[in-house]
Amino acid sequence: MQAVRQDILPPSGVEFATSLKLIPTATTAPSSKDLSLRHEFVSRVLCNLVVARSNLLRIFEIREEPAPIQASVEEEREKRALVRKGTEAVEGEAAMDTQGDGFISIGKTIQKTDVQQATVTRMYFVREHKLHGTVTGLSGVKIISSLDDKLDRLLVSFKDAKIALLEWSDAVHDLVPVSIHTYERAPQLMSLTAPLFKSQLRVDPLSRCAALGLPNHSIAILPFYQSQAELDSIDYLHNNDKFSSSPSSLAAEKERERERERENRDVPYSPSFILNFTAQVDPGILTVTDFTFLPGFNNPTLAVLYQTEQTWTGRLNEIKDTSKLIIFTLDSSTAMSGSGSGAVYPVLAKVEGLPHDAVYIVPCTEFLVGGLVVVCGDVVVYVDSTRRVAVPVNGWGARVSDLPLLPDAPPTTTTTSTTAKGAKRELKLEGSRATFIDDKTLFLILADGTLHTVELVAEGKTVTKLVLGSKALAQTAIPAVIEPIVGTAHFFVGSTVGPSVLLKAAYVEEEYSGSGEEEEGEGGEGGKGKEEGRVAVVDEDVMDWDDDDDDLYGSSKPPLPSTTSQLILTPKKTRTVLHLSLRDALPAYGPITSLCFSLSQDGDRPVPELRDLGISTRNPNAEPGKSDVNVTTRVPGTTVGAAAFFQRTAILVVMTNAIKVLEPDGTERQTIQDMDGKMPRPKIRSCSISDPFVLILREDDSLGLFIGESERGKIRRKDMSPMGDRTSRYLAGCFYTDVSGLFEQHYHNEAPSADAATATLQAVVNAGAKSQWLLLVRPQGVLEMWTLPKLTLAFSTDGISALHNVLVDSHLPAAVSLPEDPPRKPQEFDVEQILLAPIGESDPKPHLCVFLRSGQLSVYQGLALGQADGQVQAQERRASHLDVKFVKVTSIAFEILQRDSLNGEYASTSTATASSAADPGSGSGSGSAVPPGPGEKGSTSTSTPSAPTGPSTGASTAGPGAPSTSTSGSSILAEYKKVPRVFVPFVTTPPVSPNPSGSGAPTTQTQTTTYSGVFFTGDRPNWIFATDHGGVQIYPSGHSVVKAFTTCSMWEGPGDFLMHTEDGPTLLEWLPDFNYDYPLPSRSVPRGRSFSNVLFDPSTCLIVAASCMQAKFASYDEDGNRVWEADAPNVSDPVSDTSALELISPDGWVTMDGFEFASNEYVNDVSIVTLETAATETGLKDFIAVGTTIDRGEDLAVKGAAYIFEIVEVVPDPAIAPTRWYKLRLRCRDDAKGPVTAVCGFQGYLVSSMGQKIFVRAFDSDERLVGVAFIDVGIYVTSLRTLKNLLLVGDVVKSVMFVAFQEDPYKLVLLAKDVEHHCITSADFFFTDDGELSIVTGDEEGVIRVYQYNPDDPDSRDGRHLLLRTEFHGQVEYRTSTVIAMRNKDDPSIPQSKLLMGATDGTLFSLTPVEENSFKRLQLLQGQLTRNIQHVAGLNPKAFRTVKNEYNSKPLLKGILDGNLLAHYESLPIARQNEMTQQIGTERHVVLKDWISLSGPW
């Protein structure tokens, strides 16, 4: 069996992060040309942020922008407008009343202060890549080339012991590899412990070298050149050779020197080497815990935290404090020479006696040279070469370590209350992260997300004590990394399970009264004016990341009273207060531990939804009720397009043979017949309207341009002589209004007669408007941009039809496109539609949308032409030129089904790569189960006019001859010519629901969001828009065909759309509270707790979920007495996992009922099983089966239990739920001697695992479980799957087993098993439409294996062994999976399975069967892509997917295709696509058809 693995959702969250100046925009100051002060400030880029999780690498820009105007400011402006003119308060005066009659001079009490504009800091998406490797570290470095361009380079480490050096290329607007260094063949990687090792990447603060952790206490050192002096020392040997050789000319010597300098700059590093700590530094370094570089030293200096002898909590009475710290120097000359074997590494300091549970080390800043903070499980220790200062964070610190500890309380002046408060501190530092925000303040974020401060109190440069904040400063998500933002007061907290936040810390002086204990509790030294008095505070409504915009628009707390109103003056003291504010956040949904499909209503039609523990993606929801559309005016004829005109005072309608200007009430103002003298012209096939310009394109590819005259309120033809011959032909065209200011800023016109001003009334009206541009595409594939209204050529490129990755100005004159004889026939790669429109969220950028007749759609982003791009000689530059470039950001292919041989045009239905004909489970198989953006509200009941003429922000488009009635699916091909694909821009503001979860949880979206995008009409329409954090996304709309589309505000809804679909006229509204940063729209439902299992009950349409919590654990002896009790308030009890079973209604997400298990019992598996019962006529009924584990402490073996629940309907309480209400009823509890790790059912029986056995039980009399069969299996069962009477068993050691069940007599029979040992996390049946059955498994290393059961094969040993057919490295472990039915287009009645798997890093991916002929073509294409395209970081895709198998001589890789690699094909330029398909003996459209049939979520 052949299959393809492809990602549906990328990894979620952030595991690694680094801030650096990577892109030139982070180093260049903004230009003030033609920009206001506010606009100039908008373009300020602080730095770049690069984040990674698993194989996903994302690049962001961190920008500082002016804060939006607050509502209070608007109110103040309105108040000022009401003040009588001439009575306004002036400087030195303040208004005494609201009438403006009396004033008092208080000029002496007013102090002038500098007015600072409020700013916000945002993260904006730049680029992302799915790498062919698993990232284990990120860091920015400076190389010798950084001296010239002031940019940093990106250093990335990978799981297979590789380091890649990347830099930003402005020419391609992307990362390009500089070098890659691999150590996978080093002896350290050949050890048995190498698979368990997690490498770490560390970089010297001055970028002199980088270190990569390797197994067996070793590191790989990669030195970098930093100055010309280092290069000169390296070239010393070359110079000696030069003097010893024959004399040469001075010019030749200089040329050789320049050549060597260029080579050294191209190779900015010296040879790397491996440093073995034990052999070359200290024999006692055996187990390395952490290592880091220290700042402030002349040579690279390393600090290594290690253990020579290990211990654990049970041996602390014999040995404790086993951690040690050593600081040594890497000699720069030795490092640059690359000879690490014989080098000597001077040891600067060695510290012993650190706690055994030391977790990591944090280097201090250069202010405290040589100082480090060692974070242990219960203690924070400051270490330098002379002293150790430690402070405990709980009562366990003094028990696990003999290290001298400071008192467990901050210094105070009180004796009782504060000391007691400090003594109750219970912090746990395992899983925490820390960073310095200044020289003496350490931010410590614990595993629960609470943020604490640690203050280093120093006398001079000697640290005397550590002060731990008395309470948590803030609450964030569980941290994975903390990264300070270079050159700013911001820092980034990345999380793998929740939102990653950007915070800002600032010290401010504030006044407070000198009495009371509040200040002493906060910091204690507020009135002393010392550093100990610095206090960390935070506004609750600012730091709550669910309300992340409060800081941006002002605190909701009341303002402090003005000093002018103080009648009694009291002495004030000042203190330094640390304020935190939330600036921005990257959303994340965390690991996927369980997933299922559920049903929702789309009007009267049920549609599937995919639900996991944090995502809900769906089709549009119908909300009937808005069907009050009344047609006031009908325009006879066929409408091509319509839009508001003359500053929205008229309506312009383009017909197939005329242009009409209508009054707002529909009466006709002007009609221009499209005539050539008295002869009619060919029909108008498309148009573009941008007030005051109108562009029409006729069926013979001729063009017409009109302009509106505001003084007359009419339009006229515009002179097009600057564009060449009036008979020139054009394929497509559009207008663009430069709302971003990019084109206006980078447009240069060196012609002496260039004058943008005109003396018309229209120019006066549009004096403050943005510049307008005209885009035209000529038949030879040349894209031209013309200025308006002067029609001056500013940009020209011939790469548009070939879909080059980057489009730049060719500086050629206007192309010639005269009519041909015989007339030119349409070509396959002709540009059919083009549109330049702003796309984005907070800061829309110009994007160029291009659609070819071959079915290829590409989206380009308009950017400024960088300095590194190819420059044209000055004498070759056009006098009028636009210094911009267009970079391809996304591309998808549409399938062309058939060709119309009569007119030579392609008649097609398109299936975008984001959709596929599939239906989950036993759905209807309609082939449109795609999660789109907006949701249907209902349809109008009256006939639809040929083009909607309601208020809109852009032109609404209808196909020529669009019928007024709906078109059935069978006539889509016939009507294709009448329903062309058209790009329609839109701007929408989705509504924000006050409580999206329905459970009282605060919403993360506290303000409205505006999206600017493009809707692509026609067959299989799509939404194209972008978000700040996710880039451009293309979502199918879920309709079969859309004939016309426009935004609509007739019902006072800013997010409404009106379209004409296959079902007739339809009104749509954007779904609120959805996130569009990922390829699937999602909605998170906050529940306040995590869940381990989720499933859907089809009989009640309810969600059954198992929640996870923690409870205190106590162990009791035989007499019922506690074995151990906490003997101090800051010594905590141990905790254990516990669970609860919840019955949740998707309507409002209300928990209807629940069942709490014991405090030491947690759920392993939940499943819906069909069991025999006498309560129904059929004798069968669905029940909820639950398997649990009961912890009993480390001295007793665990037990378990199997539960059977029933969902029953009860009488609802009218005060709570006026509709139906359900509850869980426990029917049976069966105790087990071991943990029940997996449950399932078949043929009316319950199948459960208990320890090393699997039992088959019958539900007897609806009250107890009776065993009927069992079988001994492996060590610990992790997965059970059933198919009829077949059972698939996955084990943590014994891999997978194939078992059959028979009833006469009752027996479980082992059919076959895998003879190798693998840790299986999930096992599934996998079959195709031809009946071929395979077994798919996944292990803890992320390896996907495909087995076959074939007793006829001699290698199967008479069928006793499963045959391993394929091994494929899936990069990440997955623990949950579900099978859906995928319908074949040729024969939809016979489904084939498609596997959906949810991974622990948040990846959602699929495994889809592939037909044999398609598989062969795609496999050859995969080989071409592996060899012939540039991969990010220079990684090898084939090596990444290869699994090392000691039992097979060749890798078993040919059974599964890499969908992430194949997805690059449709984004390649047309020439590269044809080149690759020619090399494998096939055609481009055949390969694309194969790929499109497999792509899509389901």
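Residues numbered from 1 in each chain as written. Predicted model: local features only at pLDDT ≥ 70, side-chain atom pairs only at ≥ 80, totals over all residues. Heavy atoms only, no water.

### Some points on a positive patch on the surface
And step 1. There is a patch of like positive charges on the surface, built from Arg1427, Lys1438, Lys1450 and Lys1454.
And step 2. By secondary structure assignment, the location of Lys1438 is in helix H16 (residues 1437–1441). (Patch = residues over 30% accessible without salt bridge, like charges linked within 9 Å, V, L, I, M, F, W, Y side chains within 5 Å. Areas by Shrake-Rupley, 256 points an atom, 1.4 Å probe, with all protein chains shown as cover. Salt bridge = Lys/Arg side-chain N within 4 Å of Asp/Glu carboxyl O. Lys, Arg positive; Asp, Glu negative; His and termini not counted. Charge placed at Lys NZ, Arg CZ, Asp CG, Glu CD. Helix = DSSP H or I, 4+ residues; strand = E, 2+ residues; numbered from the N terminus.)

### What about the sheet that holds strand S75 (residues 1161–1172)?
Across a sheet, paired strands are connected by hydrogen bonds in the backbone, their directions being either parallel or antiparallel.
And step 1. The four strands are arranged S75-S76-S77-S78 in an open sheet whose pairing can be described as antiparallel. Strands at the two margins of the open sheet, each flanked by one partner only, are S75 and strand S78 (1221–1232). Averaged over neighbouring strand pairs, the angle between their axes works out to 25° when direction is ignored. (Pairing = 2+ DSSP bridges. Axes fitted to C-alpha atoms, helices over the stretch in contact; angles between N-to-C directions.)

### What about the packing of helix H15 (residues 1412–1428) against helix H19 (residues 1484–1494)?
And step 1. As a packed pair, H15 and H19 sit with axes 10 Å apart at the nearest point and diverge in direction by 105°. Taken together, the axes of H15 and H19 lie roughly perpendicular to each other. Contacts from Ser1414, Arg1417, Leu1418 and Leu1421 of H15 reach H19 at Val1486, Val1487, Asp1490 and Leu1494.
And step 2. Across the contact of H15 with H19, the residue classes tally to five nonpolar, one polar and two charged. (Parallel < 35°, antiparallel > 145°, perpendicular 65-115°, else oblique. Contact = heavy atoms within 4.5 Å. Nonpolar A, V, L, I, M, F, W, Y, C, P; charged D, E, K, R; others polar.)

### Describing H15
And step 1. Between its first and last C-alpha, H15 extends 24 Å over 17 residues, near the 24 Å set by a 1.5 Å rise per residue.
And step 2. Tucked inside the fold, the buried residues of H15 contact strand S1 (3–9), H16, strand S94 (1456–1458), helix H17 (1459–1462), helix H18 (1470–1479) and H19.
And step 3. The backbone nitrogen of Asn1413 lies 3.2 Å from a side-chain oxygen of the residue at the head of H15, namely Glu1411. (Expected span 1.5 Å × (residues − 1). Polar contact = N/O pair within 3.5 Å; in protein donor to acceptor, adjacent residues only side chain to side chain.)

### Comments concerning the pattern of salt bridges
And step 1. The final tally for this structure, using the stated rule, is 57 salt bridges.
And step 2. Measuring nitrogen to oxygen at the nearest pair gives 3.6 Å for the salt bridge that ties Arg53 to Glu15. Taken together, the residues Arg53 in strand S3 (residues 45–53) and Glu15 in the loop between S1 and strand S2 (16–20) connect sequence positions 38 residues apart.
And step 3. For Arg53, a relative accessible area of 9% gives the class buried.
And step 4. Taking the shortest distance from any N to any O, the salt bridge between Asp843 and Arg63 comes out at 2.8 Å. Of this pair, Asp843 sits in the loop between strand S53 (831–839) and strand S54 (845–852) while Arg63 sits in strand S4 (residues 56–66); the two residues are 780 residues apart in sequence, bridging distant segments of the chain. Accessibility classification places Asp843 together with Arg63 in one group, the buried group.
And step 5. One network of salt bridges, in which partners are shared, links Asp674, Asp676, Arg681, Arg698 and Arg717. (Buried < 20%, exposed > 50% of the residue type's maximum accessible area, 1.4 Å probe, protein only.)

### Considering the sheet that holds S4
And step 1. Taking strand neighbours across the sheet as the criterion, the four strands line up as S2-S3-S4-S7 in an open arrangement whose pairing is antiparallel. Either end of the sheet is taken by a strand with one partner, and the two such strands are S2 and strand S7 (119–130). Averaged over neighbouring strand pairs, the angle between their axes works out to 20° when direction is ignored.
And step 2. As judged from the eight bridges shared by S3 and S4, these two strands associate in the antiparallel manner. If you follow Ala52 over to S4, its bridge partner there is Leu57.

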